[in-house]
Amino acid sequence: MALKYNLSKVYALSDNDPEFVNEILNLFVTEVPEDLKQIKEGIKKKDHKYAYSYAHKIKPTLDLMGLNVAFEEILQVEAWTKAEGKKKDIIETFKSIRIQVKEAIKEIKKDFDL
């Protein structure tokens, strides 16, 4: 199975400290799904500023975790919020991000016994 994530930036940031890496992974596994729920809520309610704040919050985490496609797509979500776009224009992009994060979390939990 191909890796859904890439921890090279995490290891570089941590100076290969396994405790620090585990801390980052735990934060990713617990916080990003909650942040995604908030983005979904913002999209649903057409609250662009709310959706933007959470999209902006998880953007560096997606980059750090090597989720490159999800990172590019979160940039699209940010652009959508700034343009105050229609809900239908961003739903598929958001679903894609959610699926990628879910798959990465599943794999991380398995790989790191979280």
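What you see is a predicted model, and the numbers here were worked out from it, not measured in a lab. (Residues numbered from 1 in each chain as written. Predicted model: local features only at pLDDT ≥ 70, side-chain atom pairs only at ≥ 80, totals over all residues. Heavy atoms only, no water.)

### Remarks on the side chain of Lys59
If you trace the backbone, Lys59 turns up in helix H3 (residues 48-64). A relative accessible area of 17% means that Lys59 is categorised as buried. Residues in contact with Lys59, not counting those within four places in the same chain, are Phe71, Ile74, Leu75 and Glu78. (Helix = DSSP H or I, 4+ residues; strand = E, 2+ residues; numbered from the N terminus. Buried < 20%, exposed > 50% of the residue type's maximum accessible area, 1.4 Å probe, protein only. Contact = heavy atoms within 4.5 Å.)

### With respect to the pattern of salt bridges
Overall, the coordinates contain 7 salt bridges when judged by the stated rule. The salt bridge involving Glu92 is made with Lys95; its shortest N-O contact spans 3.6 Å. Note that Glu92 and Lys95 are positioned in helix H5 (residues 91-112) at a spacing of 3 residues, about one turn of the helix. Classification of Glu92 by relative accessible area gives exposed; the value is 55%. (Salt bridge = Lys/Arg side-chain N within 4 Å of Asp/Glu carboxyl O.)

### Regarding the nonpolar core
Of all hydrophobic cores here, the largest spans 31 residues; its most connected members are Phe28, Ile39, Leu62, Met65, Leu67 and Val101. Of the residues forming this core, the biggest block, 9 residues, is contributed by helix H2 (residues 18-44). Those residues in contact with Val101 that lie beyond four places of it in its chain are Phe28, Val32, Leu36, Leu62 and Leu67. (Core = buried A, V, L, I, M, F, W, Y, C linked by side-chain atoms within 4.5 Å.)

### Some thoughts on the packing of helix H4 (residues 68-83) against H5
The description of two helices packed together rests on the angle between their axes and the distance between the axes. Axis separation between H4 and H5 bottoms out at 9 Å; the angle between their running directions is 145 degrees. Taken as a pair, H4 and H5 cross one another with a handedness that is left-handed. For the pair H4 and H5, contact is made by Val69, Ala70, Glu73, Ile74, Gln76 and Val77 and by Thr93, Ser96, Ile97 and Gln100, respectively. Here the contact of H4 with H5 is built from residues that sort into 5 nonpolar, 4 polar and 1 charged. (Axes fitted to C-alpha atoms, helices over the stretch in contact; angles between N-to-C directions. Left-handed = near helix turned anticlockwise from the far one by under 90°. Nonpolar A, V, L, I, M, F, W, Y, C, P; charged D, E, K, R; others polar.)

### Some remarks on H4
In a regular helix each residue adds 1.5 Å, so 16 residues correspond to 22 Å; H4 covers 23 Å between its end C-alpha atoms and thus fits that length. Residues of H4 that are buried: Ala70, Phe71, Glu73, Ile74, Val77, Glu78, Trp80 and Thr81. End-on, the buried residues of H4 take up no more than an arc of 170 degrees, which puts them together on one face. Seen from the buried face of H4, the exposed residues on the opposite side, beyond 90 degrees, are Lys82 and Ala83. On the buried face of H4, the contacting elements are H2, H3 and H5. Glu84 sits one or two positions beyond H4 and adopts a positive phi of about 50 degrees. (Expected span 1.5 Å × (residues − 1). Arc of directions from axis to C-beta.)

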